[in-house]
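# Summary of the model geometry
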Amino acid sequence: MYIVNIATLHMIVPQGVTRLAGHDMETGHQSIDNAWIRVDGDKIAAYGSMCDLSSDALAQEETIDAHGGLVIPAFCDSHTHIIYAGSREGEFLDKIRGLSYEEIAQNGGGILNSADRVAKASEANLFESAMARARQMIAKGTGAMEIKSGYGLDTASEVKMLRVAARMREALDARVKITFLGAHAVGRAYTGRQAEYVYMLIADMLPAVAAEGLADYVDVFCDRGFFTVDETLRILDAAAKYGMKPKIHANELDCSGGVQAGVSRSAVSVDHLERMGAAEIDVLRTSSTIPTMLPGASFFLGMPYAPARMAVDAGLPVALASDYNPGSSPSGDMRFVMALGCIKMKLTPAEALAACTLNGAAAMELGNITGAIGIGRDASFVITRPMPSLAYMPYAYTEPWIDRVCLRGKFMA
């Protein structure tokens, strides 16, 4: 299958490039004007300029006309919480009335609110609602996603969530990675007994999750008011025995030491980073850990935006993700995430695109498979309606500029 008459084909990277760091996020990927792509099965087989494409080649295969649209890789959203039961617009009203995220949590809302609902929901209902959210994400251009548990907070409910995620991985054309986040908060049954909750998580939850092979990664909310650095390291070390690699919620509320804890255990990514300074940047420079920033949460909660510009200028491979969840970022629209990367975080459109595609893929250990245009990579890409330039995407951030989404060689209905 050929895709022809592409105004500009973006995010072409050399063979072997799995992430882009620092100023390579601007200059380390190339583009071709007046371009074509050839898809063979679920992979990109070739690409080039229309002036070099023969009519004989086109006569042999199905041809799709891009009609002068741009083509970018499908977005790679490396931080989502899309398995949940019910919405939390009541807390949205609380925020409007002036309550903080922490105050809502202290009043029994927040994560514990969602945990109460997940405990009552059936696996079938969780699957149905989460699949609807995933399909919305795909329609808006996402081709790979990480799905976390963390609204269970007891063994049975955490395992239930992870089983739903595993079913989703089988059902979706998007690539899916799964993360166990039992350390999202202390379960309501353990209020005031955090040490006992951590012990239970290590002794009961982790073996149950591992027994069914349900998780690629383990995550801990290492921040003020949640889990300490010592507790985080104990959980990460216990999970490592089952082959679960670390990811960390870090520095959303304070300079918590979560970044340093993650790097010390070779975390695949450290996520949030709204409170990050020179010390965190220095330690990330020494690591392969991807700093992943979640501007949707900053937008929705009115928090500071993570210092993406400073991190890129320091040479780091910044990723951007949606943090899609019912309480602090109820959107999985990576087009908006890309726009916030430019408008609020001062990334260039080329940098923001790299952060939302290849570096997001790297934060899921998929940087050699998807997130860029290259021979042998997933044929997962977005064809836009005609637009004047890449910068038009974040500029026209509410315009429905997606024409078609192709995931692994299949156009989505």
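Just above, that's the structure.
Cut-offs used in this document
Residues numbered from 1 in each chain as written. Predicted model: local features only at pLDDT ≥ 70, side-chain atom pairs only at ≥ 80, totals over all residues. Heavy atoms only, no water. Core = buried A, V, L, I, M, F, W, Y, C linked by side-chain atoms within 4.5 Å. Buried < 20%, exposed > 50% of the residue type's maximum accessible area, 1.4 Å probe, protein only. Contact = heavy atoms within 4.5 Å. Helix = DSSP H or I, 4+ residues; strand = E, 2+ residues; numbered from the N terminus. Expected span 1.5 Å × (residues − 1). Phe/Tyr/Trp six-rings, centres within 6.5 Å; stacked < 30°, edge-to-face > 60°. Lys NZ or Arg CZ within 6 Å of the ring centre and 35° of its normal. Pairing = 2+ DSSP bridges. Axes fitted to C-alpha atoms, helices over the stretch in contact; angles between N-to-C directions. Polar contact = N/O pair within 3.5 Å; in protein donor to acceptor, adjacent residues only side chain to side chain.

### Topic: the nonpolar core
Buried together is how nonpolar side chains tend to be arranged in soluble globular proteins. Among the nonpolar cores identified, the biggest contains 108 residues, and Ile-83, Met-145, Met-168, Phe-180, Met-293 and Leu-320 are the most heavily contacted of them. With sequence-adjacent residues up to four places away left out, Ile-83 is seen in contact with Leu-126, Ala-130, Arg-133, Ile-147, Tyr-151, Met-161, Val-164, Ala-165 and Met-168.

### Regarding helix α9 (residues 229-240)
Residues separated by three or four positions in an α-helix point in the same direction, a consequence of the helix having 3.6 residues per turn. Taking 1.5 Å of rise per residue, the 12 residues of α9 would be expected to cover 16 Å, and the 16 Å separating its terminal C-alpha atoms lies within 8% of that figure. Glu-231, Thr-232, Leu-233, Ile-235, Leu-236, Ala-238 and Ala-239 are the residues of α9 that are buried. The inward-facing, buried residues of α9 contact β8 (175-183), α8 (194-211), β9 (217-222), β10 (245-250) and α10 (258-264).

### Looking at the packing of aromatic side chains
Tallying each qualifying case throughout the model produces 9 aromatic pairs. Between Tyr-197 and Phe-227, the ring centres sit 6.3 Å apart and the planes meet at 35°, which makes this aromatic pair tilted. Pair noted here: Tyr-197 is in helix α8 and Phe-227 is in the loop between β9 and α9, with a separation of 30 residues, a long-range link. Exposure class is identical for Tyr-197 and Phe-227. Each is buried. Between Arg-133 and the ring centre of Tyr-84, over which it is positioned, the NZ or CZ distance is 3.5 Å. A cation over an aromatic ring shows up here: Arg-404 above the ring of Phe-411, its NZ or CZ 4.2 Å from the ring centre.

### Regarding the pairing of strand β3 (residues 43-49)
In the sheet, strand β2 (residues 30-40) pairs with β3 via 6 bridges, with the strands oriented antiparallel. By the bridge assignment, Val-39 is partnered in β3 with Ile-44.

### Considerations on unusual backbone geometry
In the Ramachandran plot, His-272 falls in the positive-phi region, its phi being about 100° despite a non-glycine side chain. By secondary structure assignment, the location of His-272 is in strand β11 (residues 269-272). Overall, the relative accessible area of 2% leaves His-272 in the buried class. Phi is positive for Glu-365, which is not a glycine, with a value near 60°. Structurally, the position occupied by Glu-365 is in the loop between α16 (358-362) and β14 (381-386).

### Some remarks on the pairing of β2
Here strand β1 (residues 2-12) runs beside β2; their pairing, made up of 6 bridges, is antiparallel. Within the sheet, the bridge partner assigned to Tyr-2 lies in β2 and is Arg-38.

### Section: the sheet that holds strand β6 (residues 75-80)
The strand order across the open sheet formed by 8 strands is β6-β7-β8-β9-β10-β11-β12-β13, and the pairing between neighbours is parallel. A strand with exactly one partner marks an edge of an open sheet, and here the two such strands are β6 and β13 (319-320). Alignment of β8 against β9, held across 3 bridges, turns out to be parallel. Paired with Phe-180 across the bridge in β9 is Val-218. Lying over the sheet, helix α7 (residues 155-171) contacts β7 (142-148) and β8, oriented at roughly 175° with respect to β8.

### Let's talk about the environment of Ser-264
Within the secondary structure layout, Ser-264 lies in helix α10. Judged by its relative accessible area of 43%, Ser-264 is partly exposed. Once the C-alpha coordinates of Ser-264 and Thr-289 are considered, the two residues, 25 residues apart in sequence, prove to be 9.9 Å apart. A distance of 2.7 Å separates a polar side-chain atom of Ser-264 from the backbone oxygen of Ala-261.

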